[in-house]
Amino acid sequence: MSLRPKSPSAPVSRIFSVSDTDMLRNLCGPHHRNLERLEQRFEDFSLRAESQGGGIMLFGAAEGVAVAETALGAYMQKLLAGTEPGELEFEGAINTALTSTVKSGGPVRGLKSRIQAQTAGQTAYLSALQDETAGLVFGVGPAGTGKTFLAVATGAAELVAGKRERLIVARPAVEAGEKLGFLPGDLEDKVDPYMLPIWDSLRELFGQDQLDRRRLRGEIEVAPLAFMRGRTLKNAFIIIDEAQNASIPQMKMVLTRLGRNSRMVVTGDPSQVDLPSKQPSGLPHALHILRSVPGVRQMRLTASDVVRHDLVSRIVDAYDRAESGSHDDGRSDGGYHF
């Protein structure tokens, strides 16, 4: 989600005052990465953010400066409440500021059930999904934040409304403990287990009868990522799910499949990579190189956006704390006793 200027406004400069040096350091982030992220998110307003003694100087169009101040204030309140500083938490503060300033994305209509965002992060994410100027949207975050379901719901609604002719969902068929070769049946039987979460979402959104009809007409396709090679996907809403398990060449391949009158959403959790240990994931690589490309939105959801059982967000937080304090990969007992 981004804030876009309705009309040019005169530049202003203001200082976001911070008296505590440790708080100022946390607001700016390591090597001032938080300030760089502010500038990227509000580049349409020519925002510049610089750390100065006693605060952060913000310079740019008035609207952008105002929302940047709100984002810094929201992040500072999180830190004062005991939240550990981090890039994802800062991203969440930006999304919260945008949500309170920009008209949020409305509910997804036209489906079997009405779908609506349930958290501030989801509201910002849904707004990005519904933004027609965003040809490519990244939805990144932990399990249970709704990143895939909201993308599928948006694509399904565009299909029903006639905005797109097809809804295509692709996933890397990467083993997470199981081996494809040992599964029974032909290739379709072997990859079907990887696609079950998508079919479950589509069944909930369309109902079984409508899903079957649209699938038979070729309007809905769910397939392994490898099946996208060599195709140009026109008039389609395309979702690349579990993108953390795509290699860098695979990610480049699928991103360049985008055809005329199509939109693409890429979802994933960089902390849940199932690729071989020496093979880098294409998701963080794509997020890095496409961070300033016009028409691309990068939305980050956090544990505060988990909408499954309340226990899920606490599980996510516990794993995050364990991973930040240890490099144990779980192959040894790590000193744990049962």
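Residues numbered from 1 in each chain as written. Predicted model: local features only at pLDDT ≥ 70, side-chain atom pairs only at ≥ 80, totals over all residues. Heavy atoms only, no water.

1. A look at the pattern of salt bridges
No. 1: Taken as a whole and judged by the stated rule, the model has 17 salt bridges.
No. 2: The shortest N-O distance in the salt bridge between E132 and K163 comes to 3.4 Å. With E132 in the loop between α5 (120-129) and β4 (136-140) and K163 in the loop between α6 (147-160) and β5 (166-171), this pair connects stretches of sequence that are 31 residues apart.
No. 3: The exposure class of E132 is partly exposed, given its relative accessible area of 41%. (Salt bridge = Lys/Arg side-chain N within 4 Å of Asp/Glu carboxyl O. Helix = DSSP H or I, 4+ residues; strand = E, 2+ residues; numbered from the N terminus. Buried < 20%, exposed > 50% of the residue type's maximum accessible area, 1.4 Å probe, protein only.)

2. Overview of the nonpolar core
No. 1: By size, the foremost hydrophobic cluster in this structure holds 35 residues, and its most contacted members are Y125 and L202.
No. 2: At the level of secondary structure, the elements contributing two or more residues to this core comprise α5, α6, β5, α7 (187-206), β6 (220-224) and β7 (236-240).
No. 3: Of the residues forming this core, the biggest block, eight residues, is contributed by α6.
No. 4: The residues contacting L202, other than those within four sequence positions of it, are V152, L167, G207, L211, I220 and V222. (Core = buried A, V, L, I, M, F, W, Y, C linked by side-chain atoms within 4.5 Å. Contact = heavy atoms within 4.5 Å.)

3. Focus on unusual backbone geometry
No. 1: With a phi angle near 55°, H31 is a residue other than glycine that sits in the positive phi range.
No. 2: Its place among the elements puts H31 in the loop between α1 (21-28) and α2 (33-41).
No. 3: A relative accessible area of 69% means that H31 is categorised as exposed.
No. 4: For N235, which is not glycine, the phi dihedral falls at a positive 50°.
No. 5: Structurally, N235 can be placed in the loop between β6 and β7.
No. 6: Residue classification places N235 among the buried residues on the basis of a relative accessible area of 16%.

4. Quick notes on the sheet that holds strand β1 (residues 11-17)
Backbone hydrogen bonds hold the strands of a sheet together, and the pairing may be parallel or antiparallel.
No. 1: Taken together, the three strands give an open sheet; going across it, the order is β1-β3-β2, and neighbouring strands pair in antiparallel fashion. Bordering the open sheet on either side are β1 and β2 (48-52), each of which pairs with just one other strand. Across the sheet, the mean angle separating the axes of adjacent strands is 20° when strand polarity is ignored.
No. 2: Pairing of β2 with strand β3 (residues 55-61), which is carried by five bridges, proceeds in the antiparallel orientation. Counted as the bridge partner of Q52 is G55 from β3.
No. 3: Against the sheet, α2 touches β2 and β3, its axis set at about 160° to β2.
No. 4: The strands that helix α3 (residues 62-80) touches are β1 and β3; relative to β3, the one it contacts most, it runs at about 150°. (Pairing = 2+ DSSP bridges. Axes fitted to C-alpha atoms, helices over the stretch in contact; angles between N-to-C directions.)

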